[in-house]
Amino acid sequence: MTTHSTRMLILGSGPAGLSAAIYGARAGMKPILVQGIQPGGQLMTTTDVENYPGFADVIQGPWLMEQMQKQAEHVGTTLMWDTVVAVDLTQRPFRLTGDSGDIYEGDVLVIATGAQAKWLGIDSEEPMKGKGVSACATCDGFFYRGKRVAVIGGGNTAVEEALYLTNHSDNVTLIHRRDSLRAEKILQDRLFAHPNITVVWNKEVREFVDGGGTAGLVALDLEDTQTGEHSRIDVEGGFVAIGHHPATELFRGHLELDADHYIKVETGTTRTSVPGVFACGDVMDKVYRQAVTAAGTGCMAALDAERFLAAAEFKEMAEAAE
Ligand code: NAP
């Protein structure tokens, strides 16, 4: 068992964690970043990325993450292949335990553990991911220009995604398992008023139908939740928008979480309910969820952390001089 100590400990290796590391390292905080279960985060399972600024040509998600990782290392971040399994945030330095048995101590802690999209869990879903099935219309909608698309879900995300998709398609269907939406009324009003969106009520997707060869998704098999009847809707894009799981299990009881289990931060900052602990990226953001916004809040977390440490160190010096 080894103890690794640093001024700035970061959990999570997606765009938020790595951006925090780049800024933290350049501020001389010698960050240690514990990568977690899926090094690189959600972009490791994405192929084409067209919306990350700075790249005129299409880039690949894993390549982008490799570049961010190298950049973080070049400026002085130590990356650890480990997953944190226990936390003690009751005093500084914060003390975390890795799956390896190693201990990680940080004067400040930046949490960037991300979130995972929820999936329907039907057999045809996994093989059709990237072949017409996606959980992010903002990321992938552009690839379905002029095609028929459907969004599955009835919350804010599903309605926003359906509205967003009308930028690319004039044939958008929202499929919901009940006969009323849980999305905010203003969003519902926009949805119902949109001439290119059709809402299909009381239906669950039973199969993503593969057209074979290079065709990808060609249709959805639907089952009526009231009658059990099956029907088919022809679409080339299917967007699952049934919510996300923020990776916050570790912090339950240690930090304030909201009703959806996202880490609560003070508005306009990355400060959590525990002084010296900061949160950035999808673990605290249920609205934007983009690589670029995650990177932006990662930068904010490093700046917030640096200011916190400077203030704490100034206080200690002043107390020692008294
Ligand atoms: P959500 O509010 O939890 O809604 C999930 C939707 O998916 C529900 O309509 C649910 O149906 C449906 N669903 C869940 N499991 C399903 C399944 N297995 N099969 C079919 N349908 C299923 O999730 P969200 O829309 O991602 O929003 C999460 C949180 O973020 C909410 O608090 C939301 O307000 C917030 N948010 C805010 C904004 C914004 O402020 N602009 C944008 C996005 C999200 P039921 O209704 O039948 O349960």
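Whatever comes next refers back to the structure up there.
Here we summarise the structure given alongside this text. Model, not experiment: these values are computed from the prediction.

As a further point, take the overall build of the protein. In terms of regular secondary structure, the protein is built from seven helices and 19 strands. A compact globule built from 322 residues would reach a C-alpha radius of gyration of about 20 Å, and the protein, at 22 Å, matches this within 12%. Judged by the C-alpha coordinates and their principal axes, the protein covers about 75 × 40 × 35 Å. A sequence separation of at least 24 residues applies to 58% of the contacts in the protein between residues at least 6 apart. With 27 positive and 43 negative side-chain charges, the protein shows a spacing of 3 Å between the two charge centroids.

Pairing in this open sheet of three strands is antiparallel, and the strands run β14-β15-β16 from one edge to the other. Each edge of the open sheet is held by one strand with a lone partner, namely β14 (203-210) and β16 (230-234). Strand-to-strand twist in this sheet, taken as the mean axis angle between neighbours without regard to direction, amounts to 30 degrees.

Below, the discussion takes up the packing of helix α1 (residues 15-26) against helix α2 (residues 61-74). It is at 9 Å that the axes of α1 and α2 come closest, and there the two elements cross at 25 degrees. Between α1 and α2, the angle is such that the two are roughly parallel. Between α1 and α2 the crossing geometry is left-handed. Here Pro15, Leu18, Ala21 and Ile22 of α1 come into contact with α2, specifically with Met65, Met68, Gln69, Gln71 and Ala72. Here the contact of α1 with α2 is built from residues that sort into seven nonpolar, two polar and no charged.

Time to look at the state of the cysteines. The final tally for this structure, using the stated rule, is one disulfide. Note on cysteine connectivity: Cys136 is disulfide-linked to Cys139, with sulfurs 2.1 Å apart. Because the sign of the S-S torsion sets the handedness, a value of about 70 degrees for the bond joining Cys136 and Cys139 places this disulfide among the right-handed ones. In this structure Cys280 is not part of a disulfide, and its nearest cysteine sulfur, from Cys299, lies 9.9 Å away. Cys299 gets classed as buried once you look at its relative accessible area, which sits at 16%.

We now examine the packing of aromatic side chains. One pass over the structure, following the stated rule, counts six aromatic pairs. Centre to centre, the rings of Phe55 and Trp63 are 5.7 Å apart; their planes meet at 85 degrees, and the pair counts as edge-to-face. Here Trp63 falls in the partly exposed class, since its relative accessible area comes to 37%. Look at Phe142 and Phe143: their rings are 6.5 Å apart centre to centre, the planes differ by 70 degrees, and that puts the pair in the edge-to-face class. The exposure class of Phe142 is partly exposed, given its relative accessible area of 35%. Of the aromatic side chains, those joined through ring pairs into one cluster are Tyr52, Phe55 and Trp63. Taking the ring centre of Trp119 as reference, the NZ or CZ of Lys129 above it sits at 4.0 Å.

Calculation notes
- Residues numbered from 1 in each chain as written.
- Predicted model: local features only at pLDDT ≥ 70, side-chain atom pairs only at ≥ 80, totals over all residues.
- Heavy atoms only, no water.
- Helix = DSSP H or I, 4+ residues; strand = E, 2+ residues; numbered from the N terminus.
- Rg over C-alpha atoms; globule rule 2.2 N^0.38 Å.
- Contact = heavy atoms within 4.5 Å.
- Lys, Arg positive; Asp, Glu negative; His and termini not counted.
- Charge placed at Lys NZ, Arg CZ, Asp CG, Glu CD.
- Pairing = 2+ DSSP bridges.
- Axes fitted to C-alpha atoms, helices over the stretch in contact; angles between N-to-C directions.
- Parallel < 35°, antiparallel > 145°, perpendicular 65-115°, else oblique.
- Left-handed = near helix turned anticlockwise from the far one by under 90°.
- Nonpolar A, V, L, I, M, F, W, Y, C, P; charged D, E, K, R; others polar.
- Disulfide = S-S within 2.5 Å.
- Buried < 20%, exposed > 50% of the residue type's maximum accessible area, 1.4 Å probe, protein only.
- Phe/Tyr/Trp six-rings, centres within 6.5 Å; stacked < 30°, edge-to-face > 60°.
- Lys NZ or Arg CZ within 6 Å of the ring centre and 35° of its normal.

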